[in-house]
Amino acid sequence: MKTPDMLEAKKRCKDNNTEFIYVNPIINNSYDGKKYYIRTYGCQMNVHDSEEIAGMLENLGFVPTEEMEEADLILLNTCAIRENAHEKVFGFLGRCKHIKEKINKDLIICLCGCMAQEKSVVDEIMSKHKYIDLVFGTHNIHELPGYLMQLTGKLDVEVLSNDENVYEVGETFVRASKYTAWVNIMYGCDKFCTYCIVPYTRGKERSRKSQDILKEVQKLKENGYKEVTLLGQNVNAYGRDRDDEISFAKLLEETAKIGIERVRFVTSHPWNFTDEMIDVIAKYDNIMPYIHLPLQSGSDRILKLMGRRYTQEEYLELFNKLKSKIKDVSITTDIIVGFPGETEEDFEETLNVVNKCKYDGAFTFIFSPRVGTPAAEMKDDTPMGVKEDRLHRLNELINQYSNESNQKYLNKKVKVLLTDYSDRDKYKLSGYTDTMKLVNVDCDESLLGEIVEVTITDAKSFSLDGKVE
Ligand code: SAH
Ligand code: SF4
Ligand code: F3S
C-alpha cells in the first residue's frame, strides 16, 4: 500500500539521477480469454498510457471488449486537470460497482492516471469505494502485471509521489491506430504554472534517450505508420534535464530525417521556443506546419500571476515569427478565463490577442482551482456568472476565426491522411490535413491509411468536407 503526497510530488532535486530502466515484458496466459475494457480521460499522454496498459493486459491473455457489462477487468485512466472530472469519474465507478454486484462478482476494477496522484481522491476511494481492486499512479504503470498477479480481493493502492527514472517498455503498446502513432519523448513538467496540477501528477521533467526515441520511430515507419506525434507536456524542454542529450530542435530534425511521411509534436510552450526549432520546422516538408501554442491569457498581469514566463508582446513576436517563417502554418491555442483576479480589462487583453492571432482553433476553459496549486489559494471574487459570460464571448470570437480559417480551404486541394471511417453517411473516410484540419472525404474505402489529395467542397466551423477526384 503506497499513497500519494503533494509535498513529495512537488520536490525537484538538482542532481540528475535519472536511470534508464529497460523493462522486460511479462507474458503469460494467466488471464487467457478474459475481457478488458478501458475508459480514458485527459490528454494524449493518457491516451498513449492506455495503449501501453492495453499492451500489458494482452500480454497476460486478456482480449478487448467494447461492452463494459461483459468485461472481466475495467480500467479507468483519469485526468485531474479540472475539478469537473471528479463527478464523471465517480459516476462511472458507480456503474462499475453495479456491474460487480449484479453481473460479475469477480470483476476487477482498476483506477489509474492523474487523479490517482491526488491524495483527496485516494482518501475518498479508501473510505468509500472499497469495491475497487487496484489504484496505481502515473509513475508505475509498467508494474501493472505484477499488481494484477498479487490481487487479494481487497483494495490495493500503489501510488508513488514522484519518480526520477525513465522506464523503457519496448514494444508493449496496443496502438489505437495503424497509421498514426504517439511517441513519448519526455515525461513530467517542471514549469509549475500556478493553476496547473500536472507537475504534481506527472513528476519531474525526464527526457527519454534520443536513440530510443529514434529507434521507435524507425520501427513505426517499418511497420507502415505514416505519422508520428512526439509527446511531452512541454517539448521545448526536451534534453534540458541532461548534459549528454541533444536539443528538441535536433531531435525533431533527426526524426524528420528518418523519412516517415508526417512528423508532429505537442505541446510547445511559447517560452523557450527557439529559432533553431522554427528553422527545422520550416526546412523539412515532413514536419507538419501546425503548432499548438497555448496563450492562457493576453493580460501581462495575469500571465505573471500564472507564472507563464512571457508577456503579450513576447507571445505576439513569436506568433508573427512562426507565421512569417513557416509556410501556411496553422496555429491553435489554449485559453483560461476567470483566473483569480481577472478583471474585464484583463479579459479584453485576451480578446485583443485573439483578434490579432485569428487562431485556427482553440480550447477554452474556465479556471478550475486545483488543491495544492498556488492559484487555488489566490483571492478569486469574480462571480461564476461573469466567468461564464467571458467564456461565451471568447468562444464566439474563436468560432468566428476558426470558421474564417476553414473558409479559406474551399475549392482548394489539400493532402489528407485518411485514418478513420467517417461518422457522416455520405462521407466514407475522415482524416487530417497537414495543418490539422479534420476533413470528411467522399472516396473509396480502399484509401484508408493513405495520404491522398482531396478537393474541399464545403467548409464548416469545425470541419471540412471534400472529395477525391
Ligand atoms: N502542457 C500543456 C498543457 C496541458 S493542460 C501546456 O503547457 O500547454 C491543457 C490545458 O488545460 C492548459 O493549456 C490549460 O489551458 C488548461 N488548464 C490547465 N490547468 C487548468 C485549470 N486549473 N483550470 C482550467 N484550465 C486549466
Ligand atoms: Fe501545466 Fe504549465 Fe506544465 Fe503545461 S507547462 S503542463 S500548463 S505546468
Ligand atoms: Fe489530465 Fe494528467 Fe494529461 S491531468 S491533461 S491526463 S497529464
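**A closer look at the sheet that holds strand β21 (residues 464–467)**
Note on sheets: strands pair through backbone hydrogen bonds, and any given pair is parallel or antiparallel.
Step number 1: The strand order around the closed barrel built from 5 strands is β17-β18-β19-β21-β20, with neighbouring strands paired in mixed fashion. Within the sheet, the average angular offset between the axes of one strand and its neighbour, ignoring direction, is 50°.
Step number 2: Both strand β20 (residues 451–459) and β21 contribute to a ladder of 4 bridges, which runs antiparallel. By the bridge assignment, D458 is partnered in β21 with D465.

**Looking at the site of ligand 2**
Step number 1: Neighbouring ligand 2 are the residues C189, K191, F192, C193, Y195, C196, V198, P199, Q233, H269 and R308.
Step number 2: Classifying every residue of the shell around ligand 2 by side-chain character gives 7 nonpolar, 2 polar and 2 charged.

**Considerations on the sheet that holds strand β12 (residues 227–231)**
Step number 1: With parallel pairing, 3 strands are arranged side by side in an open sheet as β9-β12-β13. On the outer flanks of this sheet lie β9 (180–184) and β13 (262–266), each paired with one strand and no other. Neighbouring strand axes in the sheet, compared pairwise and without regard to direction, differ in orientation by 25° on average.
Step number 2: Pairing analysis gives 5 bridges linking β9 to β12, with the strands arranged parallel. Its bridge partner being in β12, V183 is matched across the sheet by L230.
Step number 3: Relative to β9, helix α7 (residues 210–222) is tilted by about 170°, and along the sheet it contacts β9 and β12.

**Describing the site of ligand 1**
Step number 1: Contacts to ligand 1 come from 15 residues, most closely from Q233, P294, Q296, D334 and S368.
Step number 2: Note that a nitrogen atom of ligand 1 is positioned 2.9 Å from one of the backbone N or O atoms of Y195.
Step number 3: S368 places a main-chain nitrogen or oxygen 2.8 Å from a nitrogen atom of ligand 1.
Step number 4: Protein coverage of the free-state accessible area of ligand 1, which is 540 Å², stands at 89%.
Step number 5: Elements supplying a minimum of two residues to the shell around ligand 1: β15 (330–337) and β16 (361–366).
Step number 6: In terms of residue class, the shell around ligand 1 is built from 7 nonpolar, 4 polar and 4 charged.
Step number 7: Counting contributing residues, the shell around ligand 1 receives three or more from each of domain 2 (177–288) and domain 3 (292–406).

**Concerning the domain arrangement of the protein chain**
Step number 1: Each assigned domain of the protein chain is listed here: domain 1 (6–158), domain 2 (177–288), domain 3 (292–406) and domain 4 (413–467).
Step number 2: Measuring from the centre of the C-alpha atoms in domain 2 to the corresponding centre in domain 3 gives 24 Å.
Step number 3: The largest share of the area that domain 2 buries against domain 3 comes from T194, Y195 and P270, three residues that together contribute 37% of it.
Step number 4: Here the element with the most residues in the side of domain 2 that touches domain 3 is helix α9 (residues 275–283); it accounts for 5 residues.
Step number 5: In terms of residue class, the side of domain 2 that touches domain 3 is made up of 12 nonpolar, 4 polar and 4 charged.

**Digging into the packing of aromatic side chains**
Step number 1: Taken as a whole and assessed by the stated rule, the structure comprises 9 aromatic pairs.
Step number 2: Arranged with centres 5.6 Å apart and planes meeting at 85°, the rings of F192 and Y200 form a pair that is edge-to-face.
Step number 3: Classification of F192 as partly exposed rests on a relative accessible area of 24%.
Step number 4: You can call Y200 buried: its relative accessible area is 4%.
Step number 5: Plain terms: the ring middles of F339 and F367 are 5.4 Å apart, the flat faces sit at 65° to each other, and that makes the pair edge-to-face. Of this pair, F339 sits in the loop between β15 and α12 (344–357) while F367 sits in the loop between β16 and α13 (384–407), placing them 28 residues apart in sequence. Pair check on accessibility: F339 and F367 agree, each one buried.
Step number 6: Joined through ring pairs, the aromatic side chains of Y310, Y315, F319 and Y359 make up one cluster.
Step number 7: For the cation-ring pair, K209 lies above F20, with the distance from its terminal atom to the ring centre recorded as 4.8 Å.
Step number 8: The ring of W271 has R309 lying over it, and the distance from NZ or CZ to the ring centre is 4.7 Å.

Rules used in this analysis
Residues numbered from 1 in each chain as written. Chains lettered and ligands numbered in written order. Predicted model: local features only at pLDDT ≥ 70, side-chain atom pairs only at ≥ 80, totals over all residues. Heavy atoms only, no water. Pairing = 2+ DSSP bridges. Helix = DSSP H or I, 4+ residues; strand = E, 2+ residues; numbered from the N terminus. Axes fitted to C-alpha atoms, helices over the stretch in contact; angles between N-to-C directions. Near = heavy atom within 4 Å. Nonpolar A, V, L, I, M, F, W, Y, C, P; charged D, E, K, R; others polar. Contact = heavy atoms within 4.5 Å. Polar contact = N/O pair within 3.5 Å; in protein donor to acceptor, adjacent residues only side chain to side chain. Areas by Shrake-Rupley, 256 points an atom, 1.4 Å probe, with all protein chains shown as cover. Domains from an automatic or database assignment. Buried area = accessible area lost by both parts, 1.4 Å probe. Phe/Tyr/Trp six-rings, centres within 6.5 Å; stacked < 30°, edge-to-face > 60°. Buried < 20%, exposed > 50% of the residue type's maximum accessible area, 1.4 Å probe, protein only. Lys NZ or Arg CZ within 6 Å of the ring centre and 35° of its normal.

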